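Spelled out, the chains give:
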Amino acid sequence: MGDFRRAVTSYASVRPIIPAPTELLKPMGYDLLNINQGRIPTLEDLIHCIIQENNDATSKINIMGMDDETIQFVLKSAIEERNDRHNQRHVSGGYHLYGESAALHRLETFIGNGYAKVANRSLADVSNHNSSRLSTYFALGTLSPRTVYWRAHAAGEGCEWLKSHLEMRDFFLFTCFAAGSKLFQENGMPLNSTSKKKENFIQWNDPTDAAHLQKWRQWAAGKTQLPLIDAGMKELLSTGYCSNRVRQNMASVLTKDLHLDWRVGAEWFQFLLEDHCVGSNYGNWLYFSGVGPDPKNRHFRTVSQMKKYDPKGHYVKKWIPELSNVDCIEVLLQPWDFGIASFQSPIVDPSSQYTWQDWKDIQQTGWLNSEK
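All values reported here derive from a predicted model rather than from experimental measurement. Numbering of residues starts from 1 in every chain and runs along the sequence as written. A pLDDT threshold of at least 70 governs which residues receive local features in this predicted model, and a stricter bar of 80 or more applies before side-chain atom pairs are shown or counted, although totals over entire chains, interfaces and linings include all residues. Calculation of side-chain values draws on the structure's entire complement of heavy atoms; hydrogens and water are dropped beforehand.

With that out of the way, let us pick up the overall build of the protein. Counting from the N terminus, the helices are the DSSP runs of H or I reaching at least four residues and the strands are the DSSP runs of E reaching at least two. Scanning the protein for helices and strands turns up 18 helices and 0 strands. Taken against the 2.2 N^0.38 rule, which gives 21 Å for 372 residues, the C-alpha radius of gyration of the protein at 23 Å falls within 12% of a compact globule. In terms of principal-axis extent, the alpha carbons of the protein reach across some 75 × 60 × 50 Å. Looking at the 372 residues of the protein, the share that counts as buried comes to 45%. For this analysis, residues touch if any pair of their heavy atoms sits within 4.5 Å. Looking at the protein alone, contacts between residues at least 24 apart form 66% of all its contacts between residues at least 6 apart. Carbon together with sulfur atoms contributes 53% to the accessible area of the protein, which is approximately 20,500 Å² in total. Mean positive and mean negative side-chain charge positions of the protein (40 and 41 charges, respectively) differ by 6 Å. Throughout, the radius of gyration refers to the C-alpha atoms, and the reference size of a globule is 2.2 Å times the residue count to the power 0.38. To sort residues, take the accessible area from a 1.4 Å probe on protein chains only and compare it with the maximum for the residue type: under 20% means buried, over 50% means exposed, and anything in between is partly exposed. Working definition of accessibility: Shrake-Rupley area with a 1.4 Å probe, residue cover restricted to the visible protein chains. Charge assignment: positive for Lys and Arg, negative for Asp and Glu; neither His nor the chain ends contribute. Here the site of a charge means atom NZ of a Lys, CZ of an Arg, CG of an Asp or CD of a Glu.

Shown next, in the form of structure tokens:
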């Protein structure tokens, strides 16, 4: 990625924005006044075959080995989220949700009101304008990256990071185009997949076998008993979104701790994300699983990550009801050490979720956070 971004910065230029047309040409051979416009399917139309309104086990459709309760929660949450947003359209200036007008309104709100210059993008919780939240518009094709680039360029200092993020997005998209179907190989591309040494291949655990199916389900349902991971998955299941920081931590647990096939995580994200883009999603999973074009061992220590990016525990308390009334950050970081009933058996050894320095501090002082 580094070489790509250096090359882009040094040799590439961004083309100007194409002006919007002032009029549309009438298609030849069509009577536009009497054309059958058909009907755009609703969300309910699209999911009616999998949403269950009865207890007929023979009609249930298995999705990625997940229990029916989780799937039904996701589907019903999607409908509730859609309804809530339609009821709050004034937030996007009254524009149609995720259309171009709403996209441009969000872009101008984020940059024009100064949010972009002060956004703390690394936080676990990126609400309150700590994220541009433009990714869904990109995924749906209602906002041009060029428009964002030139608006950020005009805004100057403090908004350069938006242009940098567009470079990373381009990297994953070009990787997707170059790889084709190889993007979905178990052992990734291109370095690991071209190696002739068998020992260089990562041996992934199969999430469908009896030994690993339960761990897969725990991870995918937000029941790992690792607070940051479960909070992130709860947000994703409920809203179709969570921050990039949290996505990286969830990917780390699945691939570096549970050693489950990275593709099942990417596919689960594809099912859940409102901003899903094949290139960005699978490219990021390749990247953080260690089987992409830059195969490094990116193992996130999730307890230490929470200490750094959710230092007061607000995010975890927001999404995990069992911890919502806990005020002590030490308990929020390590609930298994304080008798919290639903956090007695984390999915992995908690000691693997601390940085070396944080683990050393615990051994010496008995505490992780000095502001407990």
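From this point, the narrative continues.
Let's shift gears to the packing of helix α3 (residues 68–87) against helix α11 (residues 227–239). Packing of α3 against α11 brings their axes to within 6 Å, and their N-to-C directions diverge by 65 degrees. The residues of α11 that touch α3, namely those facing Thr70, Phe73, Val74, Ser77, Glu81 and Arg85, are Leu237, Ser238 and Thr239. Residue polarity follows a fixed list, in which Ala, Val, Leu, Ile, Met, Phe, Trp, Tyr, Cys and Pro are nonpolar, Asp, Glu, Lys and Arg are charged, and the others, Gly among them, are polar. In the contact of α3 with α11, the residues fall into 3 nonpolar, 4 polar and 2 charged. Fitted lines through C-alpha atoms serve as axes, helices being fitted only where they are in contact, and the angles separating the N-to-C directions of these axes extend from 0 to 180 degrees.

To continue, consider the nonpolar core. In this description, a nonpolar core means a group of buried Ala, Val, Leu, Ile, Met, Phe, Trp, Tyr and Cys residues linked to one another through side-chain atoms lying within 4.5 Å. Formed by 66 residues in total, the largest nonpolar core has its most connected members in Trp216, Trp219, Met250 and Trp268. For Trp216, the residues in contact, after removing those within four places along its chain, are Met64, Met66, Pro207, Leu254, Leu260, Val264 and Trp268. Ala103, Leu107, Ala119 and Trp161 belong to the second largest nonpolar core, which has 18 residues in total.

Here the focus is the side chain of Thr147. Locating Thr147 in the fold gives a position in helix α7 (residues 145–155). With relative accessibility at 17%, the residue Thr147 sits in the buried group. If sequence neighbours within four positions are ignored, Thr147 has contacts with Ile17, Leu104 and Leu107.

Quick look at the environment of Ile347 now. Along the chain, Ile347 turns up in the loop between α17 (329–333) and α18 (356–365). Along the sequence, Ile347 and Met168 sit 179 residues apart, while their C-alpha atoms lie 32 Å from each other. Residue contacts for Ile347: discarding those within four places in its chain leaves Lys215, Gln218, Trp219, Thr224, Leu226 and Leu258.

With that settled, the discussion passes to the packing of aromatic side chains. Ring pairs are drawn from Phe, Tyr and Trp, using the six-membered ring of Trp, whenever the two centres fall within 6.5 Å, and their geometry is named by plane angle: stacked under 30 degrees, edge-to-face over 60, tilted for the rest. Summed over the entire model, instances satisfying the criterion amount to 19 aromatic pairs. Between Trp219 and Trp285, the ring centres sit 6.2 Å apart and the planes meet at 75 degrees, which makes this aromatic pair edge-to-face. In this pair, Trp219 is assigned in helix α10 (residues 210–220) and Trp285 in helix α14 (residues 278–289), connecting sequence segments 66 residues apart. Here the two residues Trp219 and Trp285 agree in accessibility, since each one is buried. Here the aromatic cluster, defined as three or more aromatic residues joined through ring pairs, consists of Phe4, Phe171, Phe172, Phe174, Tyr287, Phe288 and Phe300. Comment: the charge-over-ring label is applied if NZ (Lys) or CZ (Arg) is within 6 Å of the ring centre and within 35 degrees of the ring normal. Between Arg133 and the ring centre of Tyr241, over which it is positioned, the NZ or CZ distance is 3.5 Å. Positioned above the aromatic ring of Phe138 is the side chain of Arg169, whose terminal nitrogen or guanidinium carbon lies 4.7 Å from the ring centre.

What pLDDT conveys is the predictor's confidence in a given residue, as a value from 0 to 100. With 92% of its residues at a pLDDT of at least 70, the protein reaches an overall mean of 90. Note on residues 191–199: pLDDT is under 50 here. Beyond four places in sequence and across chains, it has 13 contacts.

This brings us to a nonpolar patch on the surface. Surface patches are defined over residues having more than 30% relative accessible area and no salt bridge, joining like charges when they lie within 9 Å and nonpolar side chains (Val, Leu, Ile, Met, Phe, Trp, Tyr) when within 5 Å. Basic side-chain nitrogens of Lys or Arg form a salt bridge, by our definition, when they fall within 4 Å of a carboxyl oxygen of Asp or Glu. Taken together, Tyr30, Leu32 and Ile35 make up a surface patch of nonpolar side chains, about 300 Å² in accessible area. If you trace the backbone, Tyr30 turns up in the loop between α1 (2–11) and α2 (43–47).

Running from N to C, helix α12 (residues 244–257) and helix α15 (residues 302–309) point in directions that differ by 170 degrees, and their axes come no closer than 11 Å. Considering the angle they form, α12 stands roughly antiparallel to α15. Across from Arg245, Asn249 and Val253 in α12, the residues of α15 making contact are Thr302, Gln305 and Tyr309. Across the contact of α12 with α15, the residue classes break down as 2 nonpolar, 3 polar and 1 charged. Should an angle lie under 35 degrees it is considered roughly parallel, over 145 roughly antiparallel, and from 65 to 115 roughly perpendicular; all remaining angles are considered oblique.

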